[in-house]
Amino acid sequence: MRPSRGGAASASSDNPDQHPNFMNLKITTLIVDDEPLARDRIRKLLQKQDDIEVLGECADGAEAVIAIRREKPDLVFLDIQMPELDGFGVLQQIESARMPAVVFVTAYDRFALRAFEVHALDYLLKPFDRGRFEAMLERAREQIQRRETANLSHRITELLADLKAGPKSQERLAVKSGGKVVLLNIEEVDWIEAADNYVNLHIGNECHLHRQTMAALEGKLSADKFMRISRSTIVNIERIKELQPLFHGEYAVILRNGTRLTLSRSHRDKLNRLLGKTS
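Fair warning: this is a prediction, and the values are worked out from it, not measured in the lab.

Enquirer: Tell me about unusual backbone geometry, residues and numbers included.
Expert: Omega for the peptide link from K126 to P127 comes to -10°, which places this bond in the cis form. Mapping P127 onto the fold places it in the loop between β6 (122-125) and α5 (130-145). One non-glycine residue, K72, lies in the positive phi region at around 50°. Turning to its location among the elements, K72 is positioned in the loop between α2 (61-71) and β4 (75-79). A relative accessible area of 48% means that K72 is categorised as partly exposed.

So this is what it looks like as structure tokens:
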């Protein structure tokens, strides 16, 4: 950390409780994200913090590796999903002795977020509000004060192993229909609609009501095959025919059978993945 304009670091102890000028130190920070709007939002939120000094911004992974090695920041807000060299790739190229505290910025699915929590890694889920941002920043401050970045490389390696293994997805569903139980192949489902504590499973012209919450079912679906596009809708990615831009950042999602769904603004971060699947 660097001395603020109002004081200088004169003590040599690594114990913040014994450091008389610890509160006068600036936490040097780097922002890494390939989206200009995302970088701008983080920068504006950090500008409200008296103890933060933003060293700079990076728009890609390669630039971030150079900046981290050169600037040696205390803290990095690091986007995970960047082209060519992603956030994990960036950290794999940083020596353990130079590893800063990291707050991951991500649009990952629920399984990935559980993995982050298991390995005690801080993250911001896009889109995030000011309250969530400030909570993560406070945790980062505590991590820096306690000098807990030394084992970050090990925790990231374990996280990558978990993400690579992935969750075990459910292949069939037992649905009660007309006094009997029907076994449905999950891959045959076109889209899923929330209905309180139930879900409607749409398969062609058929619709099956299944007693399970949307959140519970989502955790059992393959993230490679199904995607949540709004609070109440999950879609089979292979059934998507085209995307049409609407107003206010929303998109119409047209399925191969003509069904028209809506990708809401709050799930717009998933658009790049959809474009990749449908191109």
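Enquirer: Describe the sheet that holds strand β10 (residues 198-203), with residues and values.
Expert: The five strands lie next to each other as β11-β10-β9-β13-β12, forming an open sheet whose pairing is antiparallel. In this open sheet, the two edge strands, each paired with only one partner strand, are β11 (206-210) and β12 (226-230). Averaged over all pairs of adjacent strands, the angle between their axes in this sheet comes to 25°, without regard to strand direction.

Enquirer: Please give an account of the sheet that holds strand β14 (residues 240-245) that cites residues and values.
Expert: Taken in spatial order, the three strands make up an open sheet running β14-β15-β16, and their pairing is antiparallel. This sheet does not close on itself; its edge strands, each paired only once, are β14 and β16 (260-263). Between one strand axis and the next, the sheet turns by 30° as a mean value, whatever way the strands run. As defined by bridge partners, β14 adjoins strand β15 (residues 251-255) across five bridges and the pair is classed as antiparallel. By the bridge assignment for β15, Q244 is matched with A252.

Enquirer: Would you mind going over the pattern of salt bridges in detail, with residue names and values included?
Expert: Tallied over the entire structure, the rule returns 15 salt bridges. The partner of R43 in a salt bridge is D40, and the shortest N-O contact between them spans 2.4 Å. Placement of the pair is R43 and D40 together in helix α1 (residues 36-46), with a separation of three residues, close to one helical turn. Judged by relative accessible area, R43 falls into the partly exposed class, the value being 24%. Given a relative accessible area of 22%, D40 falls into the partly exposed group. Between R69 and E95 there is a salt bridge, with its nearest N and O atoms 3.8 Å apart. Highlighted residues: R69 in helix α2 and E95 in the loop between α3 (87-92) and β5 (101-106), separated in sequence by 26 residues. It is possible to trace a salt-bridge network through shared partners that takes in R39, D40, R43, K44 and E57.

Enquirer: Any chance you could break down the side chain of D190 for me, citing the residues and the numbers?
Expert: As for its position among the elements, D190 is in the loop between β8 (180-185) and β9 (191-195). From its side chain, D190 meets the backbone nitrogen of G204 in a polar contact 2.6 Å long. Not counting chain neighbours up to four residues away, the residues in contact with D190 comprise H202, I203, G204, V235, N236, R239, L255 and N257.

Basis of the calculations
- Residues numbered from 1 in each chain as written.
- Predicted model: local features only at pLDDT ≥ 70, side-chain atom pairs only at ≥ 80, totals over all residues.
- Heavy atoms only, no water.
- Helix = DSSP H or I, 4+ residues; strand = E, 2+ residues; numbered from the N terminus.
- Buried < 20%, exposed > 50% of the residue type's maximum accessible area, 1.4 Å probe, protein only.
- Pairing = 2+ DSSP bridges.
- Axes fitted to C-alpha atoms, helices over the stretch in contact; angles between N-to-C directions.
- Salt bridge = Lys/Arg side-chain N within 4 Å of Asp/Glu carboxyl O.
- Polar contact = N/O pair within 3.5 Å; in protein donor to acceptor, adjacent residues only side chain to side chain.
- Contact = heavy atoms within 4.5 Å.

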